[in-house]
Structures are given as C-alpha cells and as structure tokens.
Amino acid sequence: MNIGVISLGCAKNQVDLEEILSYLKRNGFETVNSPELSDVILINTCGFIDSAKKESIQAILEMVKTNKPVVVTGCLATRYLEELKKEIPEAALWIPLADYPHFGEKFSTLFKDRTFQGQIDPLRREYISPKREAYLRISDGCNNFCRFCAIPYIRGRFKSVPFETLKKELDILEKDGIRSLTVISQDTSMYGRDIGTSLTELVKEIRKHKGFDFVKLMYLYPDEVPDSLIDLYSNDSNITPYFDLPVQHFSDHVLKAMGRRGTKKDILDLIARFRSKVPNAVLRTTIMVGFPGETEEDFQECLKAIEEVRFDHLGCFTYSREENTAAYRMEGQIPAKVKKERYNKVMALQKKISYQLNKERIGKTYPCLVTGYDEKNLCYDCVNPLYADDDIDGKMVLFSKTPLNPGDLVLAKVVNALVYDLEAEVVQILRKEE
C-alpha cells in the first residue's frame, strides 16, 4: 500500500515524520511522491506562525480534493485540533502529537482489514534528508515561554532525550552512513540539565564517532551556552565550529518585553568568547523585528549591533501575532508596513555583511562532502563547515577537473564570492567513497 507524504515545518517536525514513516514501512506501506499513486496521503503540518499555518491549511485543502484519505499530523493538528475537525471535515484523520504513542491504533481506523504491529520507535527512522545527512533531535518541548512563541503550548515542557538513547542513535546513524549531523531541539543549550548531564558531554560523545565529517549545533539559547562547550571547541579543531545562536534582538527594552533572558551585553560577551576562543567559528542568528513596543530607537540599536557583530548568517522575521501567547494581548502592536520596512533594512544590511565576509573567504580552503552533481550548472553540491545543511544560509558549489562521487570528501579553495553563495575549486581529494 502506498502513502503520499507532504512534509512541512521545522527539522524537529521532520524527525517526527521520519519516525512515523519507519513505523508505516514496517507495517507494509511504501512512500511515494505523487498523490495520484498513493492510497492514503499524510500531511505533517506546522502551526508555529501565521505563514506556516496558512501553508499547512492550503496543503490540506488541496489534498482533500484528490478524494484520497488524508491524514493530518504535526503541530497544526495539535494546536487547533477541534477547530480544524469542524472546518475541514473532509480530512479522514487527525493525529495530534499526544497521540503518537498510539499512532498505529489511530491509523488503523482507516484500514479495518489491516493489523498494525508495534509503535513509533525513536531509534528507527526513514530518512527524508538528502543521503548522508541527518538530524539528531536531543530534546523536545521548551521551558522558556518567550512571549511571542507558542512552542511550549504545542510541544509541552522541555524534556531531554536520555543520554543512553542518543548513544544508541549515534551508533545507528554512523552505521547508516550518515556523514553530516545537525544537532537540533527547541533549546539545544539546555540539553541534559533535567537528567544530570550536559550538551558539552553529548558533544564529547558525538566526537567518538569518527564517521561524522560535520557536526553542527542549532538553536543554542544564548544565555545557556556553557563555557565548557566553548572550551571544548577551542581545544578540538576536529569539531565543526558552526553555532546557531538565535538572539532575536539587541535592545534590552525589546529583549525584556519578549521575555528573553540576558541582555545586549550578555549576548555581545558570548559572541566575543566564541570569537576569541574559536576564531574560525561560524555564527548564525535570528532577528525578530516589529515586536510590540519596539521603537525606532530600539530598531536602530539592533541594526547597529548587527553591523558591529557581523554574523556569518542572519535570518530575519517580522513578529507574528499568535493566539494564546502573552505578546498577543500586548499594547503597541506595530503596523505591518513598519514591520516590513524594518525587515527590509535588516536584510539589506546583512546582504552587505554577507558579501563582505564571502569576499574575505576567497583563497581559503575548506573540507567539503560531495552530495550530488548539478548537470545544468556543471558543478557539485556539497556539505561544508560554512553553511547549515538546510541551505537557508546559502551554499557552496564545487568545480572539479576530476569526476567526483557523492560521499567523496575533498578540500576545496574558494575562487568566487556571491552575496550568499560561494564557488570553489577542488584542490585535493581527501577520501573517496567506498
């Protein structure tokens, strides 16, 4: 039996889906890319911000037109379950996050003639990332309750994945040929504090697995980053020094209003420690503009700090007013036009910074994992230390006089800089894929 899949939302949501697909495969389902070839369609939804919700709802409305049974999972199906059941009765089944432990029981209501065995297993996944790339989700939920964010209400309180479970998962990922590992959670910095360990200890454990060429840390809540983690990277040049630090803003006034811990000084001090102890660190961040009460002075302070820090990668979002969050009821809501203007100014500044940083990389060499060949542009795609594997940062493409295969590890020299992307020439083959 064939199941068509639509995957929406963040990397954490993707891991959920990979576990679901593995479970369904063990029970006789094969994943297909075309709705026409499917017997049932599964849509894994996002319910985080307004644009994501609209995308999820549009996907559901499109798929119910196929007259195939449509199963809806994920955050949207959790956050708005009862409303959606009423609004879109054409969907055959809604499975919120809380029902995942009983997924087979719920799913079987659509197939009276089939018996489903077992449960969703976090150690069994059907990867949907490109081959050799995978996410390691180390926790779920969040305790921060930032006033703009609905995640704690959707995913619940923070809970670390047991260390022993992650050790087993790392063994499996390495055995499965994963070469590039991206560590994710809602709050990566917090890992282990509820179970007597730490992110630093986890990274040490990851380092024991020599099969991983790249390991990148995402979603590090700034005020929780321990000095021990920075020291670890300072003393071990074999760990990929890529860090995602979503600071959200630099104005103390706005940070406090957002419910963020720490101050502008705390953030700048953290960045200074990274830059001092890990000089080749690649820093990525997220900035939110238009939060209720953000003044022009607040915004200019944020712009100035961005210009001073010069993040390698920066994503900007306009504040999205979300139901059941504290910020939803705040006074001083910013007009959409002003939010858009501020967004454009941030991205114009980052565009300039990114191009400057990329030009400084010309002539430098970086290890790269070949992931595929682009026949149209006659170049190779790759994973490397400078960019996240999700391509949101941009990408580096490789040109090589010698034919390469996916899985080859090469050393490449940057020869051309674009605003967000880099072009490089292969100068040495470090490892051929067996």
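Here, the structure is the one placed above.
The rules behind the values
Residues numbered from 1 in each chain as written. Predicted model: local features only at pLDDT ≥ 70, side-chain atom pairs only at ≥ 80, totals over all residues. Heavy atoms only, no water. Salt bridge = Lys/Arg side-chain N within 4 Å of Asp/Glu carboxyl O. Buried < 20%, exposed > 50% of the residue type's maximum accessible area, 1.4 Å probe, protein only. Helix = DSSP H or I, 4+ residues; strand = E, 2+ residues; numbered from the N terminus. Pairing = 2+ DSSP bridges. Right-handed = clockwise from strand over helix to strand, strands pointing away. Axes fitted to C-alpha atoms, helices over the stretch in contact; angles between N-to-C directions. Parallel < 35°, antiparallel > 145°, perpendicular 65-115°, else oblique. Left-handed = near helix turned anticlockwise from the far one by under 90°. Contact = heavy atoms within 4.5 Å. Nonpolar A, V, L, I, M, F, W, Y, C, P; charged D, E, K, R; others polar. Core = buried A, V, L, I, M, F, W, Y, C linked by side-chain atoms within 4.5 Å.

### Thoughts on the pattern of salt bridges
- Applying the stated criterion across every chain yields a total of 37 salt bridges.
- Between Lys-208 and Glu-205 there is a salt bridge whose closest N-O contact spans 3.2 Å.
- When its relative accessible area of 58% is taken as the criterion, Lys-208 is described as exposed.
- A single salt-bridge network, built from bridges that share partners, covers Asp-16, Glu-19, Arg-137, Asp-140 and Arg-155.

### A few points about the pairing of strand β4 (residues 70-74)
- Counting buried residues in β4 gives five out of five residues, a clear majority hidden from the surface.
- Pairing geometry for strand β3 (residues 40-45) and β4, over five bridges, is parallel. Across the sheet, residue Leu-42 finds its bridge partner in β4, namely Val-71.
- Between the parallel pair β3 and β4, the chain is carried across by helix α2 (residues 50-64), and the sense of this crossover is right-handed.
- In the sheet, β4 pairs with strand β5 (residues 93-95) via three bridges, with the strands oriented parallel. When the bridges of β5 are listed, Val-72 appears paired with Trp-94.

### As for the packing of helix α12 (residues 296-309) against helix α13 (residues 336-360)
- For the pair α12 and α13, interaxial distance at closest approach is 10 Å and the crossing angle is 15 degrees. Classified by the angle between their axes, α12 and α13 sit roughly parallel to one another. Between α12 and α13 the crossing geometry is right-handed. Each of Glu-296, Phe-299, Leu-303, Ile-306 and Glu-307 in α12 lies in contact with α13, whose residues at this interface are Arg-342, Lys-345, Val-346, Leu-349, Gln-350, Lys-352 and Ile-353.
- A class-by-class count of the residues in the contact of α12 with α13 yields six nonpolar, one polar and five charged.

### Thoughts on the nonpolar core
- Core analysis: the largest hydrophobic core is formed by 54 residues, its most contacted members being Leu-136, Leu-199, Ile-206, Leu-217, Phe-250 and Ile-306.
- Here this core takes six residues from α12, the largest share from any one element.
- Ignoring sequence-local partners within four residues, the contact set of Phe-250 consists of Leu-255, Lys-264, Ile-267, Leu-268, Ile-287, Glu-301, Cys-302, Ala-305, Ile-306, Val-309 and Phe-311.
- Core analysis: the next-biggest nonpolar cluster, separate from the first, contains 25 residues, Cys-368, Cys-382, Leu-386 and Val-414 among them.

### Describing the packing of helix α8 (residues 199-207) against helix α9 (residues 227-235)
- Viewed as axis vectors pointing N to C, α8 and α9 meet at an angle of 25 degrees, and their least axial separation amounts to 8 Å. By the angle class used here, α8 and α9 are roughly parallel. Here Leu-199, Thr-200, Val-203 and Lys-204 of α8 come into contact with α9, specifically with Ser-228, Leu-229, Leu-232 and Tyr-233.
- Looking at the contact of α8 with α9 residue by residue, the class counts come to five nonpolar, two polar and one charged.

### As for the pairing of strand β13 (residues 313-318)
- Relative to β13, strand β12 (residues 282-289) is paired through six bridges, and the arrangement is parallel. Its bridge partner lying in β13, Met-288 is registered against Phe-317.
- Handedness of the crossover joining β12 and β13 through α12: right-handed.

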